[in-house]
Amino acid sequence: LDLCAAPGGKTMQLAAAGAVVTAVDQSHPRMQRVKENLTRVGLKAKTLTKDARAVEGEFDAILLDAPCSATGTIRRNPDLPHAKDGSEFGDLIELQSELIDHAWSLLKPGGRLVFCTCSLLPDEGEVQVDEALERHGDMTVDRAALDLPGVEAAWQSEEGGLRLRPDFWADKGGMDGFYIACLRKG
């Protein structure tokens, strides 16, 4: 299940890897783009246009690339502090929490939920995971998911996620800010 799927890049990667994917996004125009992208590259996925919190069913794996402040894109968008005053961040943080809880209710035992945001704010990453762990006694962080070539130890956060920042790889031009954690259901 790919929640908040538009424009479909991750949906296509999952489908190309052989997964049977259900892609969900609440925006009709954005979901149309997902469908067009899938057709363009010759891949298939079930698509649903609805609020991710209204999805029903059981899934082995869920990807939740949650709506966020996009503060992680500041390297490419230096005007970001002037374009956003932060007033909407509280609502986004609450939505992320609701999405995590709903996604967790859809996950089969033994399944994995990958939660990510393109944010530099701990409230949209590390804190979200810490609080989700407190709410869900059957949730653990799958630290082994980060045991991959190229993942530097300095990028791993205390709770077991991966925190990328624009100052990492500065000699190569830097990278976007991003947070990701793999959560396993007991």
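Our structure is the block above this text.
Numbers given to residues run from 1 along each chain, matching the order in which its sequence is written. For a predicted model such as this one, the threshold for reporting local features is a pLDDT of at least 70, and the threshold for listing and counting side-chain atom pairs is 80 or more; totals across whole chains, interfaces and linings nevertheless cover every residue. Side-chain measures were taken over the full set of non-hydrogen atoms in the model, leaving aside hydrogen atoms and water.

Trainee: Looking at this structure, how should I read the pattern of salt bridges?
Mentor: Definition used for salt bridges: Asp or Glu carboxyl oxygen within 4 Å of a side-chain nitrogen of Lys or Arg. As enumerated under the stated definition, the model contains nine salt bridges in all. One salt bridge connects K10 with D65, and the closest N-O pair in it is separated by 2.6 Å. Note that K10 is positioned in helix 1 (residues 9-16) and D65 in strand 4 (residues 59-65), a separation of 55 residues in sequence. Exposed residues in this analysis have more than 50% of their type's maximum accessible area, buried residues have under 20%, and partly exposed residues fall in between, with area computed by a 1.4 Å probe over protein chains only. For K10, a relative accessible area of 32% corresponds to the partly exposed category. Here a helix means four or more residues in a row that DSSP labels H or I, a strand means two or more in a row labelled E, and each is numbered from the N terminus.

Trainee: Where do I start with a negative patch on the surface in this structure?
Mentor: Patch construction takes residues with relative accessible area above 30% that form no salt bridge. Like charges are linked within 9 Å, and nonpolar side chains (Val, Leu, Ile, Met, Phe, Trp, Tyr) are linked within 5 Å. In this description, accessible areas are obtained by the Shrake-Rupley approach with a 1.4 Å probe, and a residue is regarded as covered only by the protein chains that are shown. Within this scheme the basic residues Lys and Arg register as positive and the acidic residues Asp and Glu register as negative, but His and the chain ends are omitted. For this purpose, a charge sits on NZ of Lys, CZ of Arg, CG of Asp or CD of Glu. Side chains of D123, D130, E131, E134 and E158 sit close together on the surface and give a patch of like negative charge. Checked against the element boundaries, E134 lands in helix 5 (residues 126-135).

Trainee: Looking at this structure, I do not really get the packing of aromatic side chains. What am I missing?
Mentor: The relative placement of two aromatic rings is captured by the distance of their centres and the angle of their planes. Two aromatic rings from Phe, Tyr or Trp, using only the six-membered ring of Trp, form a pair when their centres are within 6.5 Å; if the ring planes differ by under 30 degrees the pair is stacked, by over 60 it is edge-to-face, and anything between is tilted. What the rule picks out here adds up to three aromatic pairs. A ring is considered to have a charge above it if a Lys NZ or an Arg CZ atom is located within 6 Å of its centre and within 35 degrees of its normal. Of note, K172 hangs over the ring of W169, and the distance from its end group to the ring centre comes to 4.6 Å.

Trainee: What should I look at first to understand the environment of K50 in this one?
Mentor: Mapped onto the fold, K50 is located in the loop between strand 3 (46-49) and strand 4. Counting along the chain gives 46 residues from K50 to C4, while the straight-line C-alpha distance between them is 9.4 Å.

Trainee: Please clarify how the nonpolar core should be interpreted in this entry.
Mentor: One recurring pattern in soluble globular proteins: nonpolar side chains tend to sit buried together. Counting residues in hydrophobic clusters, the biggest one holds 25 residues, and the most contacted among them are L1, L3, I62, L64, L113 and L183. Among the elements of the structure, strand 4, helix 4 (89-106), strand 5 (107-117), helix 5, strand 6 (139-141) and strand 8 (178-185) are those that each provide at least two residues to this core. With five residues, helix 4 is the largest single contributor of residues to this core. Throughout, a residue-residue contact means that at least one pair of heavy atoms, one from each residue, lies within 4.5 Å. The contacts of L183, once residues within four sequence positions are left out, are W104, G111, R112, L113, V129, M139, T140 and V141. Within this scheme, the nonpolar core is defined by two criteria: the residues are buried Ala, Val, Leu, Ile, Met, Phe, Trp, Tyr or Cys, and they are joined through side-chain atoms within 4.5 Å. With six residues, the next largest nonpolar core counts L146, L162, L164 and F168 among its residues.

Trainee: Could you clarify how one ought to interpret the side chain of T71 in this entry?
Mentor: Among the structural elements, T71 can be located in the loop between strand 4 and helix 3 (80-83). We call two N or O atoms a polar contact when they sit within 3.5 Å, provided that within protein one can donate a hydrogen and the other can accept it, with sequence-adjacent residues counted only if both atoms are side-chain atoms. A polar side-chain atom of T71 sits 3.2 Å from a polar atom in the side chain of S119.

Trainee: For this particular structure, what's the right way to read the pairing of strand 3?
Mentor: Two faces, one strand: in a regular strand the side chains alternate between the faces of the sheet. Any two strands with at least two DSSP-identified bridges between them are counted as paired. Of the strand pairs in this sheet, strand 2 (residues 22-25) and strand 3 are connected by four bridges, and their pairing is parallel. Across the sheet, A23 pairs through a bridge with T47, a residue of strand 3. Handedness is read with the strands pointing away from the viewer; a crossover is right-handed when the path from the first strand over the helix to the second is clockwise. For the crossover from strand 2 across helix 2 (residues 28-41) to strand 3, the handedness is right-handed.

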